[in-house]
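Fold and geometry: a report
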Amino acid sequence: MHEAAQGDFTPFLHEAIAPGIPDFIADGMYLSVTCAEDVPFIDQAEAAKLNEGNPFGNYRVFQQTRACSYAGAKGSGRLSRAGFVDLPVLIFSGNLDPVTPPQRGEEVAKYLPNSRHVVIPEAGHGVDGLSDAGCIDRIIINFMEKGSANDLDISLR
């Protein structure tokens, strides 16, 4: 804390963030989505202006843009709607997710007639902090066993 108070956030961030970053994040998948759907919409000048005064500056935007330039995943700058997909699909949303909130799951479900959108009330963008993350596994197993999104037990017990 002392070093952070002196302007060096490195030790603080190492302790505060590193334990919460899962080892299983699929970086390639993450970049293929964000480089196609997010980065083309970033106004670099606006991002820099909005991040003025932030102790981390424009680091996050810079790193994401840089990673996308190496990843080769490029978006068209517009979202496409491929049409309806007639396969069973299970969609999860965290009620507290600031990145992909439940309304985004509802938007996706419109194009997936055999889907089921399940909103986890206490979840954010992941399962960290849930008292029983196994409830999600039980819903997924139920979905896989049935091969259908219909009549799933989503009681989260």
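Starting from 1, residues in each chain are numbered consecutively following that chain's sequence as written. Local features in this predicted model are restricted to residues of pLDDT 70 or higher, and side-chain atom pairs are both shown and tallied only at a pLDDT of 80 or more, whereas totals for entire chains, interfaces and linings draw on every residue. Hydrogens and water molecules were not included; the side-chain quantities draw on all heavy atoms of the structure.

Okay, the nonpolar core next. Residues grouped as a nonpolar core are buried Ala, Val, Leu, Ile, Met, Phe, Trp, Tyr and Cys residues, joined through side-chain atoms within 4.5 Å. To sort residues, take the accessible area from a 1.4 Å probe on protein chains only and compare it with the maximum for the residue type: under 20% means buried, over 50% means exposed, and anything in between is partly exposed. In this structure, Leu-90, Val-118, Ile-120, Ala-123, Leu-130, Cys-135, Ile-136, Ile-139, Phe-143, Ala-149 and Leu-152 together form the largest nonpolar core, which totals 11 residues. In this description a helix means any DSSP run of H or I spanning at least four residues, a strand means any run of E spanning at least two, and both kinds are numbered starting from the N terminus. Contributions of two or more residues to this core are made by β2 (115-120) and α7 (134-146). Counting residues per element, this core draws most heavily on α7, which supplies four residues. Among all residues touching Ala-123, those that are not within four sequence positions of it are Gly-94, Asn-95, Leu-96, Asp-97 and Leu-130. Here, residues are in contact when the closest pair of their heavy atoms is within 4.5 Å.

Should a side-chain nitrogen of Lys or Arg be within 4 Å of a carboxyl oxygen of Asp or Glu, the pair is scored as a salt bridge. Under the criterion given, the structure shown has two salt bridges. A salt bridge links Glu-107 to Arg-104; its shortest N-O distance comes to 2.9 Å. Here Glu-107 pairs with Arg-104, and both are found in helix α6 (residues 102-109), just three residues apart, close to one helical turn. Look at Glu-107 and you get partly exposed, because its relative accessible area is 37%. When its relative accessible area of 42% is taken as the criterion, Arg-104 is described as partly exposed.

On to the environment of Gly-105. Of note, Gly-105 is situated in helix α6. Here the alpha-carbon distance between Gly-105 and Arg-116, two residues 11 residues apart in the chain, equals 9.6 Å. Not counting residues within four places of it along the chain, the set of residues in contact with Gly-105 comprises Ile-91, Ser-93 and His-117.

Moving on, we get to the pairing of strand β1 (residues 89-94). Side-chain positions along a regular strand alternate between the two faces of the sheet. Of the pairings in the sheet, the one linking β1 to β2 comprises six bridges and is parallel in character. The partner of Phe-92 across the bridge, within β2, is Val-118. We call a crossover right-handed when, viewed with both strands directed away from the observer, the connection leading from the first strand over the helix to the second proceeds clockwise. On the question of chirality, the crossover connecting β1 to the parallel β2 by way of α6 is right-handed. Here a strand pair is declared whenever DSSP counts at least two bridges between the two strands.

Every buried residue of α6 is listed here: Pro-102, Gly-105 and Ala-109. Projection of α6 onto a plane perpendicular to its axis shows the buried side chains occupying an angular sector of 55 degrees, all on one side. At its buried positions, α6 is contacted by β1 and β2. The reported arc concerns the directions from the helix axis to the C-beta atoms and nothing else.

Before going further, it helps to examine the side chain of Gln-64. Summarising the element assignment, Gln-64 is placed in helix α5 (residues 59-71). Excluding its chain neighbours within four sequence positions, the residues that come into contact with Gln-64 are Tyr-30, Leu-31, Thr-34, Cys-35 and Val-39.

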